[in-house]
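# Breakdown of the fold
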Amino acid sequence: MSPAGRGSRAFVTGTAGEDKTGRKADRRTRVTVLVALAANLVIAVAKAVGGFVAGSPALLSEAAHSVADSMNEIFLLAALRRSRRPADRRHPFGYGKERFFWSLLAAVGIFVMGGCFSFFQGVEALRTGADEKLSGYVAGLIVLGIALLAEGGSLLRALHQVRGQGGLAAGLRDPALRTVVAEDGTAVLGVCLAMTGMALHMVTGQVVWEACASLAIGALLVYVAYRLGREARDQLIGEAADPQASGRIRALLRAQPEIDSVEALFTMKTGLDSTLVAARVDLVPGLDSERVEEVSMRIKRSIARTVPEARQVFLDVTDRPARQAAKSPAATGERGGA
């Protein structure tokens, strides 16, 4: 190792430009979110009116579900707008994680406004009972039928976009689109549960059917909120790139004639389509500082071509023996290493 590489000298290889394809996908996602928002606002009012007229706990639970979804769509619109802001001095890696933060708030909204209120309605119905109003229940079932058509249409729109973005694996990487699909899918299932509970209440005269439907809707919403919240939490903490991308980067580094060994490789998603890459490498002896800089720039360009989402690439050149580096906390994964 030459003096140019001693002392764990770090080389920053730059940042790639904005992804135009990602911006186009954001515009499509924004339309999908707006469609879902319009549907949920109309349906929430209709369900609330129908629920008060019919005295239906299941229908009121569904109204709370639609209100929660409407608030969440506002969060998602904020995520789409704020996550594409360019990097600045305070946030040198950009604002890509804004999308994960607002998706976490959406999950909390589903849990609090939807799930908890549905549980409350179910428990209250079991405790106090509910008056039967046949005409009101018929009106409530009509409202739910209209809601089923509207929610189903919004779900089809979201699934169409998912398919256009490469299928479930690729399309659902976007937390905003993933949340819309989860909300609309849950809404369709929730409407079916509410309709079943109301119909059985009308036939049997037992409010327990509606109470159970309300509790089932609450359990469904809590589960969906938990899954969405867990995924957003992992992304906010700092999720590594997928193993295939990491494997391609490691193979590319090992294939460089100037690199003697790759001591450690770290990746972290900083946004929907941006990833930070940091590698600790040992260069072959005899390279001067200019040659090291030239090699670093070439490796950066190669990584960007191999893994387009690699927006920031850092190389830490070290002359430590491979065995010593392999046993370090960073290389073994201890103390937050990867």
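Residues numbered from 1 in each chain as written. Predicted model: local features only at pLDDT ≥ 70, side-chain atom pairs only at ≥ 80, totals over all residues. Heavy atoms only, no water.

## Focus: the pairing of strand E3 (residues 274–283)
Taking burial as the measure, the 10 residues of E3 include nine buried ones, the bulk of the element. The sheet contact formed by strand E2 (residues 259–271) and E3 spans 10 bridges and is antiparallel. Note on E3: the bridge partner recorded for Thr-267 is Val-277. Joining the antiparallel neighbours E2 and E3 is a turn of two residues. Assessed by its sense of winding, the connection that carries the chain from E3 through helix H9 (residues 289–306) to strand E4 (residues 310–317) is right-handed. (Buried < 20%, exposed > 50% of the residue type's maximum accessible area, 1.4 Å probe, protein only. Helix = DSSP H or I, 4+ residues; strand = E, 2+ residues; numbered from the N terminus. Pairing = 2+ DSSP bridges. Right-handed = clockwise from strand over helix to strand, strands pointing away.)

## So, the environment of Phe-314
Within the secondary structure, Phe-314 is located in strand E4. For Phe-314, a relative accessible area of 25% corresponds to the partly exposed category. Along the chain, Phe-314 and Arg-280 lie 34 residues apart, while their C-alpha atoms are 8.5 Å from each other.

## Re the packing of aromatic side chains
Each aromatic ring pair is characterised by the separation of its centres together with the angle its planes make. Throughout the structure, instances matching the rule amount to four aromatic pairs. Each ring, one from Phe-75 and one from Trp-102, has its centre 5.8 Å from the other, and the planes form 40 degrees; the classification is tilted. Taken together, the residues Phe-75 in helix H2 (residues 57–82) and Trp-102 in helix H3 (residues 98–128) connect sequence positions 27 residues apart. Of the residues examined, Trp-102 reaches a relative accessible area of 18% and is grouped as buried. Ring geometry for Phe-93 versus Phe-314: centroids 6.4 Å apart, planes at 70 degrees, classification edge-to-face. Of this pair, Phe-93 sits in the loop between H2 and H3 while Phe-314 sits in strand E4, and the two are 221 residues apart along the sequence. Among the aromatic residues, those joined into a cluster by ring pairs are Phe-75, Phe-101 and Trp-102. Its guanidinium or amino end placed over the ring of Tyr-95, Arg-85 lies 3.8 Å from that ring's centre, counting from NZ or CZ. (Phe/Tyr/Trp six-rings, centres within 6.5 Å; stacked < 30°, edge-to-face > 60°. Lys NZ or Arg CZ within 6 Å of the ring centre and 35° of its normal.)

## Things to note about the packing of H2 against helix H6 (residues 175–204)
Axes are the key here: two packed helices are described by the angle between their axes and the distance separating the axes. Remark: H2 packs on H6, axes separated minimally by 10 Å, with the N-to-C direction vectors making an angle of 175 degrees. With respect to their mutual orientation, H2 and H6 come out roughly antiparallel. Contact residues: Ala-58, Leu-59, Glu-62, His-65, Asp-69, Asn-72, Glu-73, Leu-76 and Leu-80 in H2; Ala-176, Thr-179, Val-180, Glu-183, Thr-186, Ala-187, Gly-190, Val-191, Ala-194 and Met-198 in H6. Its residues assigned to classes, the contact of H2 with H6 shows 10 nonpolar, five polar and four charged. (Axes fitted to C-alpha atoms, helices over the stretch in contact; angles between N-to-C directions. Parallel < 35°, antiparallel > 145°, perpendicular 65-115°, else oblique. Contact = heavy atoms within 4.5 Å. Nonpolar A, V, L, I, M, F, W, Y, C, P; charged D, E, K, R; others polar.)

## Structural notes on the nonpolar core
The biggest cluster of nonpolar side chains holds 22 residues, and the ones touching the most others in it are Ile-249, Leu-253, Ile-259, Val-281, Leu-283, Ile-299 and Ile-303. Of all elements in the fold, only helix H8 (243–254), E2, E3, H9 and E4 reach the threshold of two or more residues within this core. Excluding residues within four positions of it along the chain, Ile-249 makes contact with Leu-265, Val-277, Ile-303 and Val-307. Residues Ala-54, Ala-58, Leu-59 and Val-224 belong to the second largest nonpolar core, which totals 20 residues. (Core = buried A, V, L, I, M, F, W, Y, C linked by side-chain atoms within 4.5 Å.)

## Examining the environment of Val-143
Among the structural elements, Val-143 can be located in helix H4 (residues 134–164). For Val-143, a relative accessible area of 17% corresponds to the buried category. For the pair Val-143 and Ile-43, spaced 100 residues apart in sequence, the C-alpha to C-alpha distance is 8.1 Å. Every residue in contact with Val-143, bar those within four places of it in the chain, is listed here: Ala-46 and Lys-47.

## Quick word on the environment of Ser-214
Topologically, Ser-214 is positioned in helix H7 (residues 208–238). Setting aside chain neighbours within four positions, we find Ser-214 in contact with Pro-57, Ala-58, Ser-61, Ser-118, Gln-121 and Gly-122.

## Some points on the layout of surface pockets
Quantified by volume, the largest pocket comes out at close to 410 Å³. As for the largest pocket, its lining consists of 18 residues, of which Arg-173, Gln-235, Glu-239, Lys-269 and Leu-272 are closest to the centre. Elements with a contribution of two residues or more to the lining of the largest pocket: H7, E2 and E3. Counting residues per element, the lining of the largest pocket draws most heavily on H7, at three residues. Counted by class, the lining of the largest pocket contains five nonpolar, four polar and nine charged residues. (1 Å grid on protein atoms, 1.4 Å probe; cavity = no way out; pocket = protein on both sides within 12 Å on 5 of 7 lines; lining within 4 Å. Points joined across faces, edges and corners; volume = space filled by probe spheres on them.)

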